[in-house]
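Chains, contacts and geometry: an overview
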Amino acid sequence: MSYVDEVLAQVKEKNASEPEFLQAVEEVLNSLRPVIDANEELYRREAVLERITEPDRMIMFRVPWVDDNGQVQVNRGYRVQFNNAIGPYKGGLRLHPSVNLGIIKFLGFEQIFKNSLTSLPIGGGKGGADFDPKGKSDREIMAFCQSFMNELYKYIGADVDVPAGDIGTGAREIGYMFGQYKKIRGVFEGVLTGKGLTYGGSLARTQATGYGLLYFTREMLKSNNDDIAGKTVAVSGAGNVAIYAIEKAYQMGAKPVTCSDSTGWIYDPEGIDLALLKEIKEVKRARLTEYAAARPSAEYHEGKGVWSVKCDIALPCATQNELHLEDAKMLVANGCMAVAEGANMPTTLDATKYLQENGVLFAPGKAANAGGVATSALEMSQNSERLSWSFEEVDSKLESIMINIFHNLDDAAKRYDKAGDYVVGANIAGFEKVVTAMMAQGVC
Ligand code: NDP
Ligand code: 2IT
């Protein structure tokens, strides 16, 4: 049996109850075959794959808080510190009722390779809780965030582990967590990113994941002799990533026509009204039904369906496994030419394969959505030098980083005779730097 197959079998046995983690590991290890097979004896002796698939540590803790009725609620908090070979652990905090250890492990594992691709010195980690922020008052959110930090503070620090936002965690939550960390530790340091601009946050961090996704997509299209201008774009999600993907798509001359949340989706053939979407999601924290009510050109549908709309480019920006094989078939049948993942692992393995086999340019999330964490690393740099850079400076660094990521993975794919397979390219390019650092640092 090859070394890759041996480790895949072991990982499946050890983590049988974690389907998302197994899915992520399967994709990465399969992509790495050409690299590992070329040097199998060395990698096997060094147990490189066993080490990279086992987190440095997994922290799980009780998060008790009091709701507005005086009732004590208890959630489960997580921080998985996966790999710090190239820098302090870095990755977001997801607050969503679906959160469990397997989901945080898959996200932390992906983050190792994503963070490596940014070319910045950040290791991989992820955390969160099975807390549902929907419908909670500000006071309840604060109570939860403070209790969450009452335990998490022991394990993080500006040079140790630097969490940030993800689903359900935005500027409000980061603010409450930062305040509690400062209160407990008595230090003002860049321990979280995505902070408010008045206390160490970076300009352009809010926009970074969505903007970065479009910078990456434009470079991928350019390298295939095409452009974004004039294209119709289908977007899923209506959160941080989706909103700023839509904004940048407009700036590049494209027309985004869809968005979605967990209850339904919008098709707006005249193009999504961005100001209205921001008002509903960022200010009112309301449902997309309000969008349809305010916009005569829009259709609202319950459930899922964004990928049934005719588009040139699809940008899944909501959550994992939201684009299935049947969706991929509809996209191909409707002439879609590119799929770029704003979310983490939104496309199932069989859907990815189908898209690639049918000539759709496919940009994996660990490359295409790396702009968020890259800008978080820029926020860390600004905090370290106690300066803040202009929006234009951060945005132009972000753009260069995304262009570089595309060329790094394009080159890696070509080096291994897999030209155009950006999944293989991203996994190999991300892995190479981490494995070199791990081996240089000995068995640890
Ligand atoms: P937000 O919480 O801001 O928005 C998430 C959006 O996706 C909401 O519209 C939400 O709808 C929808 N959604 C979430 N979970 C589900 C679900 N289970 N089923 C259907 N819809 C769902 O999160 P972000 O925009 O920050 O994150 C979106 C994705 O991008 C995630 O995969 C995240 O890991 C990834 N990502 C985020 C980065 C960042 O910087 N924020 C960086 C890189 C990747 P509703 O409000 O109804 O729940
Ligand atoms: O998935 C991700 O890359 C994020 N949620 C952003 C992490 C970060 O540290 O900015």
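This brings us to the overall build of the chain. Helix and strand counts for the chain stand at 18 helices and 13 strands. Whereas a compact globule of 444 residues would reach a radius of gyration of roughly 22 Å, the chain reaches 21 Å, a difference of no more than 12%. Dimensions of the chain, computed from C-alpha atoms along their principal axes, come out at roughly 60 × 55 × 45 Å. Contacts spanning at least 24 positions in sequence make up 72% of the contacts within the chain whose residues lie at least 6 apart. For the chain, the exposed area adds up to about 17,300 Å²; of that, 49% sits on carbon and sulfur atoms. Across the chain, the 47 positively charged side chains and the 58 negatively charged ones have centroids separated by 4 Å.

Quick look at the sheet that holds strand β4 (residues 123-129) now. On the basis of which strands lie adjacent, the open sheet formed by five strands has the order β1-β2-β4-β3-β5 and mixed pairing. The open sheet is flanked by β1 (57-66) and β5 (161-164), the only strands paired with a single partner. The mean angle between the axes of side-by-side strands here comes to 20 degrees, regardless of whether they run parallel or antiparallel. As paired strands, β1 and strand β2 (residues 72-83) are joined by 10 bridges and run antiparallel to one another. Directly across from methionine 58, in β2, lies its bridge partner valine 80.

Ligand 1 sits among 25 residues. The nearest are Asp166, Thr209, Ser262, Arg287 and Asn344. Within the backbone of alanine 238, an N or O atom sits 2.9 Å from an oxygen atom of ligand 1. Within the backbone of valine 241, one N or O atom sits 2.9 Å away from an oxygen atom of ligand 1. Considering ligand 1 on its own, with 890 Å² of exposed area, one finds that the protein chains cover 84% of that surface. Of all the secondary-structure elements, those providing two or more residues to the shell around ligand 1 are α9 (205-223) and α10 (240-251). Each residue belonging to the shell around ligand 1 can be placed in one class, and the counts come to six nonpolar, 12 polar and seven charged.

Cut-offs and rules
- Residues numbered from 1 in each chain as written.
- Chains lettered and ligands numbered in written order.
- Predicted model: local features only at pLDDT ≥ 70, side-chain atom pairs only at ≥ 80, totals over all residues.
- Heavy atoms only, no water.
- Helix = DSSP H or I, 4+ residues; strand = E, 2+ residues; numbered from the N terminus.
- Rg over C-alpha atoms; globule rule 2.2 N^0.38 Å.
- Contact = heavy atoms within 4.5 Å.
- Areas by Shrake-Rupley, 256 points an atom, 1.4 Å probe, with all protein chains shown as cover.
- Lys, Arg positive; Asp, Glu negative; His and termini not counted.
- Charge placed at Lys NZ, Arg CZ, Asp CG, Glu CD.
- Pairing = 2+ DSSP bridges.
- Axes fitted to C-alpha atoms, helices over the stretch in contact; angles between N-to-C directions.
- Near = heavy atom within 4 Å.
- Polar contact = N/O pair within 3.5 Å; in protein donor to acceptor, adjacent residues only side chain to side chain.
- Nonpolar A, V, L, I, M, F, W, Y, C, P; charged D, E, K, R; others polar.

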